[in-house]
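Residues per chain are reported as follows:
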Amino acid sequence: MNNASTELKHFMSGLRKRNPGEAEFHQAVEEVAMSLMPFILDHEKYYKARILERLTEPDRIIIFRVCWEDDLGNLRVNRGYRVQFSNCIGPYKGGLRFHPSVSLSILKFLGFEQIFKNSLTTLPLGGGKGGANFNPKGKSDREVMRFCQSFMTELTRHIGADIDIPAGDIGVGAREIGYLYGQFKRLNNRHTGAITGKGFDYGGSLMRPEATGYGCVYMMREALSHEGDDLENKSCLVSGSGNVAQFCAEKLIQLGARVLTMSDSGGTIYDPDGINEDKLMWIKELKNSRRGRIVEYAKQFPSAEYLEGKRPWAIPANLAFPCATQNEIEADDAKALISNSCRAVCEGANMPSTKEAIDLLQAAKVTFVPGKAANAGGVAVSGLEMTQNSMRIHWSAEEVDQRLLGIMQNIHRKCVKYGNDGDYIDYVKGANVAAFSKIADTMLAYGVI
Ligand code: NDP
Ligand code: 2IT
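Below: a short report on this structure. Given the structure is predicted, the values throughout are model-derived calculations rather than measurements. (Residues numbered from 1 in each chain as written. Chains lettered and ligands numbered in written order. Predicted model: local features only at pLDDT ≥ 70, side-chain atom pairs only at ≥ 80, totals over all residues. Heavy atoms only, no water.)

Some details on unusual backbone geometry
Here is step 1 of the chain: The backbone phi angle of Asn327 is positive, close to 55°, even though this residue is not glycine.
Here is step 2 of the chain: Relative to the assigned elements, Asn327 resides in the loop between β10 (319–321) and α12 (331–339).
Here is step 3 of the chain: Of note, the phi angle at Ser341 is positive, near 60°, even though the residue is not glycine.
Here is step 4 of the chain: Inspection of the secondary structure puts Ser341 in the loop between α12 and β11 (344–346). (Helix = DSSP H or I, 4+ residues; strand = E, 2+ residues; numbered from the N terminus.)

A word on the site of ligand 1
Here is step 1 of the chain: Of all residues adjacent to ligand 1, which total 25 residues, the nearest are Asp169, Thr212, Ser265, Arg293 and Asn350.
Here is step 2 of the chain: Gly171 places a polar main-chain atom, nitrogen or oxygen, 3.0 Å from an oxygen atom of ligand 1.
Here is step 3 of the chain: Contact with the protein chains hides 83% of the accessible area of ligand 1, taken as 890 Å² for the molecule alone.
Here is step 4 of the chain: Looking at the shell around ligand 1, the elements with two or more residues in it are α8 (208–226), α9 (243–254) and β7 (258–264).
Here is step 5 of the chain: Its residues assigned to classes, the shell around ligand 1 comprises five nonpolar, 13 polar and seven charged. (Near = heavy atom within 4 Å. Polar contact = N/O pair within 3.5 Å; in protein donor to acceptor, adjacent residues only side chain to side chain. Areas by Shrake-Rupley, 256 points an atom, 1.4 Å probe, with all protein chains shown as cover. Nonpolar A, V, L, I, M, F, W, Y, C, P; charged D, E, K, R; others polar.)

Description of the environment of Arg311
Here is step 1 of the chain: Relative to the helices and strands, Arg311 is located in the loop between β9 (305–308) and β10.
Here is step 2 of the chain: With relative accessibility at 35%, the residue Arg311 sits in the partly exposed group.
Here is step 3 of the chain: Sequence-wise, Arg311 and Ala336 are 25 residues apart; in three dimensions their C-alpha atoms are separated by 11 Å.
Here is step 4 of the chain: Separated by 2.9 Å, the side chains of Arg311 and Asp333 make a polar contact. (Buried < 20%, exposed > 50% of the residue type's maximum accessible area, 1.4 Å probe, protein only.)

Quick word on the layout of surface pockets
Here is step 1 of the chain: As a volume, the second largest pocket reaches approximately 410 Å³.
Here is step 2 of the chain: Along the wall of the second largest pocket there are 22 residues; nearest its centre are Gly193, Met386, Thr387, Asn389 and Ser390.
Here is step 3 of the chain: Broken down by element, the residue count for the lining of the second largest pocket peaks at six residues, all from helix α15 (residues 376–391).
Here is step 4 of the chain: Its residues placed into classes, the lining of the second largest pocket shows nine nonpolar, 10 polar and three charged. (1 Å grid on protein atoms, 1.4 Å probe; cavity = no way out; pocket = protein on both sides within 12 Å on 5 of 7 lines; lining within 4 Å. Points joined across faces, edges and corners; volume = space filled by probe spheres on them.)

See below:
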């Protein structure tokens, strides 16, 4: 048998050939394959069964046309997708992203990551992802509704409570989920939990909106506590100002940390006085109701500075929480974090750090928790929403929060178990190995399919 680096080269060159031009997908697979290859070579049963080759080929991909009419009566055409990546350990599960940058490569990277993330939650959830190159920004509510209805008219035939359960992601929040689920229900005449992130009144779970951001902070707290430290008075950089960023900031404030920044695709606001509960409430109203831009914060609160076109990472702080999008921490950003003595990065977003950035952070012994472990709280509470729907009950917010905390603590324990390299916890390796073993053993149990 070859050694790990030869095997990795061979595997990646085949993957690139089979999936040309899909840079984000290559990046996500390479990160996983790098940390898994030595483990796979140590376990011949996985190598012989070609688990990694099988796991990087989606079960199926659905691509469809989405036609809708804008408010001026113009006909618009978008492309919709659902990547049903693996239903090995449960029905396909993962969000829908509506953003102009959506491509097959982005959805394959997200779907692939989702398989591992969902495995880590210990819930019976497979991996999938979908979305469209539709931009909800600047669209009226009625335009968004017409788009969602058209999108669901096709998607409905491919999903269902025991088949594939979509949820939100970038550009898909409470409003979009309402329209999507309304159309699903209308077409199927069935009130099943075929989507998560639903409003509480029609089957949603308490704490689902909070779950990803809160879970990410719980993970950081576990990582710090493992090093004998806590969140009290830690200065924090948060990027993004959407669902994940808002609740990440909220939990940080509750636990006594100081949130210095938030951002959107226009730039970053830096508030040296800290974003407190009142200011965060103002941001929520700005983003969720008025759908405004973060620049307005600096006009509202004179203590803050607006850094146009900039990310938060050059500002000195103890901790970093990238909660916006993929590849938002590049090598130069990682160098800035390191030179400012940032001690830990916990990824609220999916793959927000490039491979070069991760290598630099890990080499500098910055604690680094990858998205598939750190942001698993969102899909975990989606899983709990499915459970509550099946049982026809609602759990209290405290009950869901306790379960979320337990799941995050368990993921942390598994990362430490499989990623302990002596004086440094390699959370990337820990998360990948822990998630992989369960999926790989299940695939072996199924035989050749
Ligand atoms: P939202 O749409 O609510 O918010 C996204 C935020 O990121 C906005 O502030 C947006 O700014 C910013 N953003 C998006 N694209 C870019 C870009 N290309 N450059 C700079 N900023 C950008 O999405 P979520 O908060 O739900 O998702 C954020 C991240 O968390 C994503 O990576 C998502 O996959 C991940 N995630 C989400 C989960 C969830 O439960 N929602 C669960 C697990 C992970 P702007 O408004 O200007 O576009
Ligand atoms: O990336 C993610 O885990 C999500 N967008 C949430 C998926 C879900 O099914 O709740």
